[in-house]
Amino acid sequence: MTKKQNSNVPAIIVCILLFGMISFVTNLASPMGDVLKNQFGVPNWMGTLGVLCNFIAYAVMGIPAGNMLQNLGYKKTALIAVAVGFTGVGIQTIAGLLAGNAAFGVYLLGAFVAGFSMCMLNIVVNPMLNKLAGGGNKGNQLVQVGGSFNSLMGTAVIFLTGVFVPSIVDAKISQVFPLMGIALAIFAIAFIVVLFTNIPENAPAAAVKGEKSQYGPMSFRHFVLGAICIFIYVGVEVGIPNVLQKWLNTVSTPAIAGTVTATYWLLMLVGRLAGAALGAKVSAKTMLSVVSAVGACLTLGAIFLSPETMVNLPVFKGTAGFGMASVPVNAALLVLCGLCTSVMWGGIFNLAVEGLGKYTEKASGIFMALVCGGGILPLLQNAIVDGTGNYLVSYWVIVAGMAYMLFYALVGSKNVNKDIPVE
């Protein structure tokens, strides 16, 4: 390893940590919905407002963040993203010190601000890590490492929330201060390291003269349908474990509910590793078709099977430590959906930008804005829970989402606009 590469090691480590922080902060919003529900006595859909605020920030910041990266470069954008993340988590922490309804509003504000940071980090961290590694195979390898750490942190935060909140009935924001403290510390360290690290930047793009093109990403039917697919996918990915943990909290302990839900995110890690291994042999269309169909079948099984049918899963039982516990078979089927959702993003993205040429970068910004589906569909699911009193009925939203993704893989992903110039 050269001296220059050695000098990038601290920043590479921080980038990998930031990969994890994206998932850590984002996934914390789901179990916090139970905390908000019980601390403030609000219905399920209001408890999910934290998730909504976190993801709706993507709709606001997706395209501006892309422009920021282009105009300010990797280092300045990364520093701003980290500072905003520290501020957002800090506001959420302050909410835990307040009393009454004001605390609820302050927490939602913090979730919204944190969402801005997650959006910016998503846009900047992937290419920045690739650059720090020198590009090529090394860059791709480190991006995969970052993605794996993202899954691990997503798993950890769900599990740890169950540990720190032993009784969901008496749950309070202040009980998750240790998790917020971890996030604040990593953001602070990341800011200092990035500030003093030399990060290679792209040369400013020359201004393009002449008339603007009459076309854009939205001129392509397969991209438009793919953008809708990304909106639905993120809602499905978040909605499955969000409602699952709420349901399990009503039939078991928070520790068991947290462990089972964390297993969903752990299986997403397994699925991503398997997807990376099979990616060169299996097309994105085939992969998305199979996982959408299997995911729909698993979800339908969870809806129709009796919750009285129990299966044993390895869980954390709180003071009793680790062991086997009986959980409804429905929960096990929903956990297995993590293997399916793990590879959907990559498949949808690849199919949607195929043939876009010079419009690909702008398409990426639109995709990032539509990540807001991760806040909207879970809100819809929780509204159905409140209206019907049945958690499993809400999973018809997931079935519909899986069906659309299957349609997109089989039919909607075909590029019917090949006459549009893309060079």
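Peer 1: Go over the overall build of the protein with me, naming the residues and quoting the values.
Peer 2: The number of helices and strands found in the protein is 15 helices and two strands. For the protein, contacts bridging at least 24 residues in sequence account for 82% of all contacts bridging at least 6. Carbon and sulfur atoms make up 67% of the accessible area of the protein, which totals about 17700 Å².

Peer 1: Any details on the packing of aromatic side chains? Residues and values, ideally.
Peer 2: Throughout the structure, instances matching the rule amount to ten aromatic pairs. An aromatic cluster is defined as three or more aromatic residues linked by ring pairs; in this entry it consists of Phe223, Tyr233, Trp345, Phe349 and Phe367.

Peer 1: Which residues make up the confidence of the model for the protein, and what values do they have?
Peer 2: Chain-level pLDDT for the protein is 83 on average; 88% of the residues reach the 70-or-more range. Per-element confidence in the protein is highest for helix 15 (residues 396-412), whose mean pLDDT is 96, and lowest for helix 1 (residues 3-7), whose mean pLDDT is 55. Residue range residues 205-211 is modelled with pLDDT below 50. Its contacts to residues more than four positions away, or to other chains, number zero contacts.

Peer 1: So, the pattern of salt bridges: which residues are in play, and what are the values?
Peer 2: Applying the stated criterion to the full structure yields one salt bridge. With its nearest N and O atoms 4.0 Å apart, the salt bridge here joins Glu237 to Arg272. Placement of the pair is Glu237 in helix 8 (residues 221-251) and Arg272 in helix 9 (residues 254-278), with a sequence separation of 35 residues. For Arg272, a relative accessible area of 29% translates into the label partly exposed.

Peer 1: Please provide a residue-by-residue account of the environment of Val84, values included.
Peer 2: With respect to the helices and strands, Val84 occurs in helix 4 (residues 49-95). Placed 34 residues apart in sequence, Val84 and Met118 show a C-alpha to C-alpha distance of 9.0 Å. Excluding anything up to four places from it in sequence, Val84 contacts Val113, Phe116, Ser117 and Met120.

Peer 1: So, the packing of helix 2 (residues 9-40) against helix 7 (residues 177-195): which residues are in play, and what are the values?
Peer 2: For the pair helix 2 and helix 7, the least separation of the axes is 10 Å and the interaxial angle reads 150°. Taken as axis vectors, helix 2 and helix 7 run roughly antiparallel relative to one another. Viewed along their axes, helix 2 and helix 7 form a crossing whose handedness is left-handed. Counting all contacts with helix 2, which are made through Pro10, Ala11, Val14, Leu17, Leu18, Met21, Phe24, Val25, Leu28 and Met32, the residues of helix 7 involved are Leu179, Met180, Ile182, Ala183, Ile186, Phe187, Ala190, Val193 and Val194.

Peer 1: Tell me what's going on with a positive patch on the surface, and back it up with residues and numbers.
Peer 2: A cluster of basic residues, Arg221, Lys285, Lys414 and Lys418, forms a positive patch at the surface. Secondary-structure assignment places Arg221 in helix 8. Classification of Arg221 by relative accessible area gives partly exposed; the value is 37%.

Peer 1: Mind laying out a nonpolar patch on the surface, listing which residues take part and the relevant values?
Peer 2: Taken together, the side chains of Phe191, Ile192, Leu195 and Phe196 make up a nonpolar region of the molecular surface, amounting to roughly 410 Å² of accessible area. In this fold, Leu195 is placed in helix 7.

Peer 1: Can you lay out the environment of Asn8 for me, pointing to particular residues and giving the numbers?
Peer 2: Note on placement: Asn8 falls in the loop between helix 1 and helix 2. When the C-alpha positions of Asn8 and Val194 are compared, they lie 9.9 Å apart, and in sequence the two are 186 residues distant. Asn8 has contacts with Leu132, Thr197 and Asn198, leaving out every residue within four places of it along the chain.

Peer 1: Tell me about the side chain of Asn330, residues and numbers included.
Peer 2: Take Asn330: it is sitting in helix 11 (residues 329-341). Setting aside residues up to four positions removed in sequence, Asn330 forms contacts with Trp247, Ala302, Leu305, Ser306, Pro307 and Leu392.

Peer 1: Give a description of the environment of Val315 that names residues and reports values.
Peer 2: Residue position: Val315 is located in strand 1 (residues 310-316). The spatial distance from the C-alpha of Val315 to the C-alpha of Ala262 is 9.7 Å, given a sequence separation of 53 residues.

Peer 1: So what about the packing of helix 8 against helix 15? Which residues, and what values?
Peer 2: Running from N to C, helix 8 and helix 15 cross one another at 150°; their axes reach a closest spacing of 9 Å. Relative to helix 15, helix 8 is oriented roughly antiparallel. The two elements helix 8 and helix 15 meet at a crossing, and its hand is left-handed. When helix 8 is examined against helix 15, the residues Arg221, His222, Leu225, Gly226, Ile228, Cys229, Ile232, Tyr233, Val236, Gly239 and Ile240 are found in contact with a partner set consisting of Ile398, Gly401, Met402, Tyr404, Met405, Phe407, Tyr408, Val411 and Gly412.

Peer 1: Explain the side chain of Ser342 residue by residue, including any values.
Peer 2: Counting through the fold element by element, Ser342 comes out in the loop between helix 11 and helix 12 (344-353). Within the local environment of Ser342, its side chain forms a polar contact with the backbone oxygen of Leu339, the two atoms lying 2.8 Å apart. Leaving out residues up to four positions away in the same chain, Ser342 has contacts with Met268, Gly271 and Arg272.

Rules used throughout
- Residues numbered from 1 in each chain as written.
- Predicted model: local features only at pLDDT ≥ 70, side-chain atom pairs only at ≥ 80, totals over all residues.
- Heavy atoms only, no water.
- Helix = DSSP H or I, 4+ residues; strand = E, 2+ residues; numbered from the N terminus.
- Contact = heavy atoms within 4.5 Å.
- Areas by Shrake-Rupley, 256 points an atom, 1.4 Å probe, with all protein chains shown as cover.
- Phe/Tyr/Trp six-rings, centres within 6.5 Å; stacked < 30°, edge-to-face > 60°.
- pLDDT = per-residue confidence, 0-100.
- Salt bridge = Lys/Arg side-chain N within 4 Å of Asp/Glu carboxyl O.
- Buried < 20%, exposed > 50% of the residue type's maximum accessible area, 1.4 Å probe, protein only.
- Axes fitted to C-alpha atoms, helices over the stretch in contact; angles between N-to-C directions.
- Parallel < 35°, antiparallel > 145°, perpendicular 65-115°, else oblique.
- Left-handed = near helix turned anticlockwise from the far one by under 90°.
- Patch = residues over 30% accessible without salt bridge, like charges linked within 9 Å, V, L, I, M, F, W, Y side chains within 5 Å.
- Lys, Arg positive; Asp, Glu negative; His and termini not counted.
- Charge placed at Lys NZ, Arg CZ, Asp CG, Glu CD.
- Polar contact = N/O pair within 3.5 Å; in protein donor to acceptor, adjacent residues only side chain to side chain.

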